[in-house]
Amino acid sequence: MTTNPWRDLASALVLVLALGGTLGCPAHTRMAPAIISQVEDTLEGQARTLQVSCHTGPFFRDARFRFLSDRPPETVDLLRGPRDEPITAGAADGLIPAGTRVRILDVQLPTATNVTGRSLLTPRYFTWVLVEVPGSQTPHVLVFRDDPPDLAGFEAMVGRYLGDDSVLKALEGLHPDVQAAIEHKELLAGMRADAAQMAWGFPRQIQRTVEAGVKKERWIYEGGATIDLENDHVKRWETP
């Protein structure tokens, strides 16, 4: 039986290229493979409740998914172009209010395999949590910059957005005007800090001071939006 050296060489080159696509792209997570499996086994398929009202819209140029974000997508800096210019996901076209029941479909850490399989024009070096939302056949993606090394840290990170039903009880205890504001991602003067967080999400930075016995906080969000609070109630806010 004879062999074709050119065919064997071509097969070897194909194998090298295929492996190179994976081996040449390093993992971008600190999480060990055993913990990744634990995270996937624990979270995937779970029913959760949205803790924050979120924008939804296109997921960059990948039509297989939709973006789910507590901040306006045009202010979220996850992807940069060749001249270091921000590339945004696309304009929001809907809202999903806090208290909505959803399901975690898939947890994708930025392993070498996952990074290689993602579109170049997506934030492929971050963690993606794919979520099923009512009324949509398209998975929605929450993107996380943080990279907790263990299950407890990962659960805490995801739980700020996808938690238990306690948020429903918290919503029920609020004035109807505040409930409506949260549903539309709006703020009201005098609303409590927890309600403001349900409406606008989690700030990137909090500045705290005490003046004349009054506890003051400034919440600073990605994109430059701010909320000023006094004694845990909203005083004023600004959007860029």
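### Some details on the overall build of the protein
In terms of regular secondary structure, the protein is built from 7 helices and 12 strands. For the protein, with 240 residues in total, the buried portion stands at 41%. Counting contacts in the protein only where the partners sit at least 6 residues apart, residues at least 24 apart contribute 60% of the total. When the accessible surface of the protein is summed, it comes to about 13000 Å², and 55% of that surface belongs to carbon and sulfur atoms.

### Overview of the confidence of the model for the protein
Residue-level pLDDT values for the protein average 91, and 90% of them are 70 or greater. Segment residues 5–24 is flagged for pLDDT under 50; beyond a separation of four residues in sequence, or across chains, it makes 7 contacts in the model.

### Remarks on the nonpolar core
Within the largest apolar cluster, 25 residues are counted, with the highest numbers of intra-cluster contacts made by Val 129, Leu 142, Phe 154, Val 158 and Leu 162. Put simply, the parts of the chain that give this core at least two residues each are α2 (33–43), β5 (101–108), β6 (127–132), β7 (140–144) and α4 (151–159). The biggest single contributor to this core is α4, with 4 residues. Residues within four places of Val 158 in sequence aside, it is in contact with Leu 43, Val 129 and Phe 144. If you look at the next biggest cluster of nonpolar residues, it comprises 20 residues, including Ala 193, Tyr 221, Ala 225 and Leu 229.

### With respect to the pairing of strand β3 (residues 66–69)
Along any regular strand the residues' side chains alternate between the sheet's two faces. As paired elements, strand β2 (residues 54–58) and β3 share 4 bridges and run antiparallel to each other. Bridged to Pro 58 within β3 is Arg 66. In terms of strand pairing, β3 meets β7 through 2 bridges, oriented parallel. Bridge pairing links Arg 66 to His 140 in β7.

Cut-offs used in this document
Residues numbered from 1 in each chain as written. Predicted model: local features only at pLDDT ≥ 70, side-chain atom pairs only at ≥ 80, totals over all residues. Heavy atoms only, no water. Helix = DSSP H or I, 4+ residues; strand = E, 2+ residues; numbered from the N terminus. Buried < 20%, exposed > 50% of the residue type's maximum accessible area, 1.4 Å probe, protein only. Contact = heavy atoms within 4.5 Å. Areas by Shrake-Rupley, 256 points an atom, 1.4 Å probe, with all protein chains shown as cover. pLDDT = per-residue confidence, 0-100. Core = buried A, V, L, I, M, F, W, Y, C linked by side-chain atoms within 4.5 Å. Pairing = 2+ DSSP bridges.

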